[in-house]
Amino acid sequence: REKVRRAVRGRHTETARRSAQKHRRPEREVARYHRKNWVKSGRHYAYGGRNIPEARYTGRASDVIHEALSYRGTPYRSGGGSRGGFDCSGFTSYLYNKRGKGLPHSAAGQFHTGTKVDRSSLKQGDLVFFETVRKGISHVGVYVGDGKFVHSSSRRAGGVRVDSLSSGYYSQTFRGARRVR
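Just so you know, these numbers come straight off a predicted model, no measurement behind them.

As for the nonpolar core
Taken as a class, soluble globular proteins show a tendency for nonpolar side chains to be buried jointly. One finds Tyr 71, Phe 91, Leu 95, Tyr 96, Leu 127, Val 142 and Val 150 to be the most contacted residues of the largest nonpolar core, which totals 22 residues. Elements with a contribution of two residues or more to this core: α3 (61-70), α4 (88-97), β6 (127-130) and β7 (139-145). Looking at this core, the element that brings in the most residues is α4, giving 5 residues. Those residues within four positions of Val 150 in sequence are excluded, and the remaining contacts are Ala 68, Leu 69, Phe 91, Gly 141, Val 142, Val 144, Val 160, Arg 161 and Val 162. With 10 residues, the next largest nonpolar core counts Val 117, Leu 122, Phe 174 and Ala 177 among its residues.

Written as structure tokens, this is what we have:
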């Protein structure tokens, strides 16, 4: 128990320090705010109730799609995982973490979660993976149906947007899909 308490205390301190620097507020004030948002569920602590392993999302895949599409136009931010800006894996992990399904913040890490799906049997909400800028899985998006997917593309391309899997570039770089349930 003491190890858990120390770990949680460390998270509070680190979160407070980062927020205080970002918002230029006194660290104590920020620490008080963040401490309120940490909740305990069973044996796990989570921030704001998200990422709790016991939490189960019983909604439809279309809910994920509806929310993903609502973020169109959100700017691309390298390493971003919030509404202020997303990178590709930050976008998908943000969507699924809100539903209690913890995904790592890397496209390669997400490629090893869930069950493998053939391209011909894709359903709404499946993760689609690409090999774009380097060898191995380097890009991820969420399949929305009709051969299209939503993803956080790049700063130059305008951030979160919808593209077609059959377009030349994405058709050539497609490497697989996973279903996260």
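Remarks on the environment of Ser 89
Assignment of secondary structure puts Ser 89 in helix α4. C-alpha of Ser 89 to C-alpha of Ala 107: the two residues are 18 residues apart in sequence and 5.2 Å apart in space. When sequence neighbours within four positions are dropped, the list of residues in contact with Ser 89 reads His 105, Ser 106, Ala 107, Gln 110 and Val 140.

Quick notes on the pattern of salt bridges
A full pass over the atoms with the stated rule returns 5 salt bridges. A salt bridge links Glu 131 to Arg 175, with the nearest nitrogen and oxygen atoms 3.2 Å apart. Of the two residues, Glu 131 is situated in the loop between β6 and β7 and Arg 175 in strand β10 (residues 174-179); the sequence distance between them amounts to 44 residues. For Glu 131, a relative accessible area of 26% puts it in the partly exposed group. Residue classification places Arg 175 among the partly exposed residues on the basis of a relative accessible area of 39%.

Quick notes on the confidence of the model for the protein
Summary statistics for the protein give a mean pLDDT of 76 and a share of 66% for residues scoring 70 or more. Ranking the helices and strands of the protein by mean pLDDT puts β6 first, with 95, and strand β2 (residues 44-47) last, with 41. Counting contacts from residues 34-58, a segment whose pLDDT is below 50, to residues more than four positions away or on other chains yields 42 contacts.

Quick notes on the pairing of β7
The side chains of a regular strand alternate between both faces of the sheet. Taking burial as the measure, the 7 residues of β7 include 7 buried ones, the bulk of the element. Examined bridge by bridge, β6 and β7 share 4 bridges and lie antiparallel to one another. Bridge pairing in β7 links Phe 130 to His 139. Strand direction decides the pairing type here: β7 and strand β8 (residues 148-152), joined by 3 bridges, are antiparallel. Looking at the pairing, Gly 145 lines up with Lys 148 of β8.

Quick look at the packing of aromatic side chains
Evaluation of the coordinates by the stated rule reveals 11 aromatic pairs. With centroids separated by 6.3 Å and ring planes inclined at 85°, the aromatic side chains of Tyr 71 and Phe 91 adopt a geometry described as edge-to-face. Taken together, the residues span a long stretch of sequence, with Tyr 71 in the loop between α3 and β3 (81-82) and Phe 91 in helix α4 at a distance of 20 residues. On the accessibility criterion, Phe 91 (0% relative accessible area) is buried. With a centroid separation of 5.1 Å and 75° between ring planes, the pair formed by Tyr 169 and Tyr 170 is classed as edge-to-face. Classification of Tyr 170 by relative accessible area gives buried; the value is 10%.

Thoughts on unusual backbone geometry
We note that Asp 146 has phi near 55°; this positive angle belongs to a residue other than glycine. Turning to its location among the elements, Asp 146 is positioned in the loop between β7 and β8. Classification of Asp 146 by relative accessible area gives exposed; the value is 78%.

Comments concerning the side chain of Arg 179
Summarising the element assignment, Arg 179 is placed in strand β10. Judged by relative accessible area, Arg 179 falls into the buried class, the value being 17%. A distance of 3.0 Å separates the side chain of Arg 179 from the backbone oxygen of Ser 121, its partner in a polar contact. Excluding residues within four positions of it along the chain, Arg 179 makes contact with Gly 114, Thr 115, Val 117, Ser 121, Leu 122, Lys 123 and Asp 126.

Conventions we followed
Residues numbered from 1 in each chain as written. Predicted model: local features only at pLDDT ≥ 70, side-chain atom pairs only at ≥ 80, totals over all residues. Heavy atoms only, no water. Core = buried A, V, L, I, M, F, W, Y, C linked by side-chain atoms within 4.5 Å. Buried < 20%, exposed > 50% of the residue type's maximum accessible area, 1.4 Å probe, protein only. Helix = DSSP H or I, 4+ residues; strand = E, 2+ residues; numbered from the N terminus. Contact = heavy atoms within 4.5 Å. Salt bridge = Lys/Arg side-chain N within 4 Å of Asp/Glu carboxyl O. pLDDT = per-residue confidence, 0-100. Pairing = 2+ DSSP bridges. Phe/Tyr/Trp six-rings, centres within 6.5 Å; stacked < 30°, edge-to-face > 60°. Polar contact = N/O pair within 3.5 Å; in protein donor to acceptor, adjacent residues only side chain to side chain.

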